[in-house]
Amino acid sequence: MNHEELNQLLKPKSIAVIGASATPGKIGYTVMENLKESGYKGPVYPINPTAPEILGVKCYPSVSDVPGTIDSAVMCVPVKLVNSMAEECGKKGVKGLIVITSGFSEVGRKDLEDELVAIARKYKMRVLGPNIVGTLSNSDKMNASFAPFLPLDGKATLITQSGALLIAMDAATYTRRVGFDKMVSIGNMCDVDIADIIDWLNDDEKTTCVSLYIEGLKDGRKFIKSGRTSKKPIIALKSGVSAHGAAAAASHTGSLAGAAKVYGSAFKQAGIVQASDLDNLFDRTLALSLMPPLKGENLLIITNGGGVGVLATDAAERYGIPMKFAPKDVQEELKKHMPEFGSAKNPVDMTGMAGTEWYYETVRFAIAHPWVDGLIVLYCETAMTNPLEIAKGIKKALDEAGMKDKPVTVSYVGGEKSAAAMAWLVENGIPAYGAPDLAVNAMAALREYKLLRETAKEPAFKTNEKARKTAMQVISAARADGRNALTEIEAKQVFQAYGLPVTSTELAKTEDEAVTLAKKIGFPVVMKIVSPEILHKSDAGGVKVNIKDEAAAREAFNTIMKNAKAYNADAHIHGIAVQEMAPWGTETILGSVNDPSFGPTMMFGLGGIFVEVLKDVTFRVAPVDKPQALDMFSEIRGAPILAGVRGEAPRDRNAMADTVEKYSSMIVDLEDEISESDANPVLVYEEGKGIKVVDARIILKKK
Ligand code: ACO
C-alpha cells in the first residue's frame, strides 16, 4: 500500500506542474525546463490560468481540464493557493503532491500544513514537502525540481531536510565523482518522512546505499525502526548538535542530553553509520554504495610507499580497525612481488619499485586468500609508473579474483595523472581517495556497518503492570498535592516497584520516629530533609551522614530541621528521611529524559567528577536490554574503571545492566508521566556484590 503510493509520488508515470510559468527565472519555469531536459518520458501537463503553452507544451488552466490521469502534481504556486489547488488535485484523482512552496510550518503556519494533510488524507494523496526543492531520479530520467540538473549517475540515494544542501550536493556529485541515483528533498515532512522513504527504497533496484542529511526528526522511533529493517546501508549526517532544551532541564540527566548524544545513540540503535561532515558523507557514501561490508577483522594494506603505509596504519587505529601481521604463508607469497628490502608483514610495502605487474599479482593473490577480509591499496605517484595502468592492473586483479563479498578501497597520492586514475577507478566501481586516511575511513564505514547490523536489534519489552499500578498511586498522590517533583522517598517507591535496588528509606516526622526508624534500619544511618521546595538538599544543610547512635540521630534531626527552615522559611517540610548508609562503591549515575524526537531515553555515566566535569555519559533510546546496557558501559571513557583498574576487582556490571533494563522499562511504562529522572549516585560494588541506588529524583510531566 505504502509502497505503491510512494511509487506514484516519486516514480510518477505522469506529472502536472501547477504554477508552471513561461517566464525564465521563475521556479515554475525551471521545473518545466528540468523535466524536459532530464528526458522524462511520461506526459507533463503545465497548469497556468493564462499561458497557452510553456516550452512548447500545451498548457491547461486547471488540473480538472487535463484529459489524462495524473500521478504527481508539482506545486509551484504561492502558499495562499496551495490548499485550494490540492483540493482540485484530489478531485481530479491525483495520487501525489510534490509541494515546493515555502511558507508553512517553517514560518509558524502549521495550521496551513495541517489543512494540506487533511485534504491529502480525504483524497488518499501522499505529500512530499512542503518547502522543498523537489525530487530527482536518474533511473526515471526525472528532474522534478529546481535543482540545476540530475546528479552524476550512481547507486546512492540522498534524502535531505535541507533543500539548499541538495542543490549544493547535486553539483558536487560531478566534482567529487560520487554518483547518486535519486535525490529527494523532504522539507517539512508534513506527511511522507525520512523513514517512509527508507522503507520504500528497500525495493528499489538501483539504490545500494541511503545517504541522509538530518536536521531534526519528528518521529524518532519510526526512524529507528526503518533503519533497523533497512536492507541497504544507511549513512547519516546530523546537523544542529548544540544542546536542546538543556537550559530548562531540572534533572542532571536533562542537562546532559544534548542532541548530538541522543541522535548518535539513536543512529547506533538503528544500525546507521554516521558521517562527521559533508566531505565525510560523500566519502563514506562512495564506499557504502560500491562495496560490500567488511565482514571480518583481517585488513591487509598494500602500498608502494612506507610513509603512506604507516599513515594508513595510524588511521586504522584511530578508526578502531585492529591491524594484524599477515600469516606466514601470505607473507611468503607476497615476498615474490617485491625486492629484498620490501616488507610483506602488513602494511605490505612493495617499495617504490612496484609497477603494474606487482600491484596486479599482489592484489589478485591477497583478495582471494581466505585470511584477508578486506584490502586497502595505496599508491604514491612515481616517475617510473603510470597511475592509470596501475589502476587497470588493480581492477583486472579484482575482476579475475571475483571476490565480490570482500571490500577494497584505494588511495592515490599524486598529481593530475593520479586524479585521472582515481576517477577511472570510481567509474569502474572501486572507491578511490586522495589520501590514505580517507581510504581507511571508508573501510571503517564498511566495518561499522557490519558491526552495527549485528547489534541493532529491537530489544524485548514487556509492560510491568504490577509495578506500574504501584507507581501510578505514588504519582497520583503527588499530583493531587499539586506537585510535579516527587520527593526522594516517593521517587524511591517508584524505583523500588520496578525492582531497582534502592537504599531502604523511611520518613520520620518527629525526633522519636527518627530514632525508632534508625534502630529498625540499623546504625549507621543517613538523614535527609524531605521537602518539595528543597531539591538540592546538601546546599540547604539538609543532609547528615554516618549517624552512629541514638544521641547523634536526635541531634541530626534537630539540626536538619533548623537548617531547612533557615534556608527556606516557606518550604513545606514533609519530615526527614532516615536511610540505610550504604557502603561506598564506584559512583555512577543513571537517568532519563523524554527526548522531543525519541521519547523516553536512558542515560548512564560515571558519577561524581566524571559527570560534573567530564560529562562522561552515554544515551540509549528506551527500552534498553541487558546486552545494550553492557554496550553502554563499554562506550564511556571511564569504562576501564568499571572493568577494574590497578588491581581492583571488576565492578558488578551484570547487576548494573539488570538495573538499566528495569529502569528503561519504567520510563517506557510511565512515558506519559515521567519527564526526567535521576538515580544519582548509584554505587556499584565488586562483581557479584550488586549495586545500590542511594538518591532518586523524578520530575513529572506537567498536565
Ligand atoms: N493555477 C495555476 N497557476 C497559477 C494559478 C492557479 N490557480 N494562479 C497563479 N498561477 C501561476 C502564476 O500566474 C504564475 O505564472 P506566470 O509566471 O505565468 O504568471 C505561477 O503560477 C507562479 O505564481 P507567482 O505568483 O508568480 O509565484 P512565484 O513563482 O513568484 O513563487 C513559489 C511561487 C516559487 C512557489 C514561491 O511562493 C515559494 O514558495 N518560493 C520558495 C520555494 C523554495 O525555496 N522551496 C524550497 C525551500 S528549500 C531551499 O532552501 C532551497
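Everything below is about the structure shown above.
Residues numbered from 1 in each chain as written. Predicted model: local features only at pLDDT ≥ 70, side-chain atom pairs only at ≥ 80, totals over all residues. Heavy atoms only, no water.

### Some thoughts on the overall build of the protein chain
Across its full length, the protein chain holds 24 helices and 29 strands. Dimensions along the principal axes, computed over C-alpha positions, put the protein chain at roughly 95 × 80 × 40 Å. When each of the 703 residues of the protein chain is scored for burial, the buried share is 56%. Residue pairs in contact within the protein chain that sit at least 24 positions apart in sequence constitute 71% of those at least 6 positions apart. For the protein chain, the exposed area adds up to about 28500 Å²; of that, 54% sits on carbon and sulfur atoms. (Helix = DSSP H or I, 4+ residues; strand = E, 2+ residues; numbered from the N terminus. Buried < 20%, exposed > 50% of the residue type's maximum accessible area, 1.4 Å probe, protein only. Contact = heavy atoms within 4.5 Å. Areas by Shrake-Rupley, 256 points an atom, 1.4 Å probe, with all protein chains shown as cover.)

### Re helix H15 (residues 416-427)
Compared with the 16 Å implied by 1.5 Å per residue over 12 residues, the 17 Å span of H15 between its first and last C-alpha is a close match. Among all positions in H15, only Ser418, Ala421, Met422, Ala423, Leu425 and Val426 are buried. The elements touched by buried residues of H15 are helix H10 (278-290), strand E17 (374-380), helix H14 (387-401), strand E18 (408-413) and strand E19 (432-433). Glycine 429, located one to two residues past H15, shows a positive phi value of around 85 degrees. (Expected span 1.5 Å × (residues − 1).)

### Some details on the sheet that holds strand E11 (residues 180-185)
The strand order across the open sheet formed by seven strands is E9-E8-E11-E10-E12-E13-E14, and the pairing between neighbours is mixed. The open sheet has two edge strands, strand E9 (142-145) and strand E14 (273-274), and neither has a second partner. Against the sheet, helix H5 (residues 163-176) touches strand E8 (134-137), strand E10 (153-160), E11 and strand E12 (209-214), its axis set at about 165 degrees to E11. (Pairing = 2+ DSSP bridges. Axes fitted to C-alpha atoms, helices over the stretch in contact; angles between N-to-C directions.)

### Structural notes on the site of the ligand
Near the ligand lie 22 residues; those nearest to it are Ser21, Lys26, Asn48, Ser102 and Ile132. Here isoleucine 132 contributes a backbone N or O atom positioned 3.3 Å from a nitrogen atom of the ligand. The fraction of the free accessible surface of the ligand (1000 Å²) that becomes covered by protein chains is 68%. Broken down by secondary-structure element, the contributors of at least two residues to the shell around the ligand are helix H3 (79-92) and H5. Of the residues that constitute the shell around the ligand, the class distribution is 13 nonpolar, eight polar and one charged. (Near = heavy atom within 4 Å. Polar contact = N/O pair within 3.5 Å; in protein donor to acceptor, adjacent residues only side chain to side chain. Nonpolar A, V, L, I, M, F, W, Y, C, P; charged D, E, K, R; others polar.)

### A short note on the environment of isoleucine 698
Of note, isoleucine 698 is situated in strand E29 (residues 696-700). Taking the relative accessible area as the measure of exposure, isoleucine 698 reaches 1% and is therefore buried. Measuring from C-alpha to C-alpha, the distance between isoleucine 698 and valine 682 comes to 15 Å, with 16 residues separating the pair along the chain. The residues touching isoleucine 698, leaving out its near neighbours within four places in the chain, are Asn484, Ala485, Leu486, Ala491, Val494, Phe495, Ile674, Glu676 and Ser677.

### Some points on the pairing of strand E23 (residues 575-580)
Burial runs high along E23: five of the six residues are buried. Examined bridge by bridge, strand E20 (residues 505-508) and E23 share four bridges and lie antiparallel to one another. By the bridge assignment for E23, alanine 508 is matched with isoleucine 576. Across six bridges, strand E21 (residues 525-530) lies against E23 in antiparallel orientation. Each residue of the ladder has a partner; that of methionine 527, found in E23, is valine 578.

### Details of empty space enclosed by the protein
With the rule as written, the count across this model stands at two cavities of 30 Å³ or more. In this structure, the largest cavity spans a volume of roughly 50 Å³. Tallied by class, residues from the lining of the largest cavity come to five nonpolar, no polar and three charged. By volume, the second largest cavity is sized at about 30 Å³. (1 Å grid on protein atoms, 1.4 Å probe; cavity = no way out; pocket = protein on both sides within 12 Å on 5 of 7 lines; lining within 4 Å. Points joined across faces, edges and corners; volume = space filled by probe spheres on them.)

### Points about the packing of helix H6 (residues 194-201) against helix H7 (residues 220-229)
The N-to-C vectors of H6 and H7 enclose an angle of 15 degrees; their axes lie 8 Å apart at closest approach. Judged by the angle between their axes, H6 and H7 are roughly parallel. Once H6 is placed against H7, the crossing between them reads as left-handed. On the side of H6, the interface is formed by Ile194, Ala195, Asp196, Ile198 and Asp199, while H7 contributes Lys222, Phe223, Ser226 and Thr229. Along the lines of polarity and charge, the residues of the contact of H6 with H7 split into four nonpolar, two polar and three charged. (Parallel < 35°, antiparallel > 145°, perpendicular 65-115°, else oblique. Left-handed = near helix turned anticlockwise from the far one by under 90°.)

### As for the pattern of salt bridges
Enumeration over the complete set of coordinates arrives at 49 salt bridges. Between arginine 176 and aspartate 279 there is a salt bridge; the shortest N-O distance is 2.6 Å. Taken together, the positions of arginine 176 in helix H5 and aspartate 279 in helix H10 put the pair 103 residues apart, joining distant regions of the chain. Residue arginine 176 is classed as partly exposed on the basis of its relative accessible area of 28%. Residues participating in the shared-partner salt-bridge network are Glu5, Arg121, Arg126, Asp191, Asp193, Asp196 and Lys222. (Salt bridge = Lys/Arg side-chain N within 4 Å of Asp/Glu carboxyl O.)

### Considering a nonpolar patch on the surface
A surface patch of nonpolar side chains, amounting to about 300 Å² of accessible area, comprises Ile609, Val613 and Leu614. In this structure, leucine 614 sits in the loop between helix H21 (609-612) and strand E26 (617-621). Judged by relative accessible area, leucine 614 falls into the partly exposed class, the value being 42%. (Patch = residues over 30% accessible without salt bridge, like charges linked within 9 Å, V, L, I, M, F, W, Y side chains within 5 Å.)

Purely geometric stuff here, so don't read any function into it on its own.
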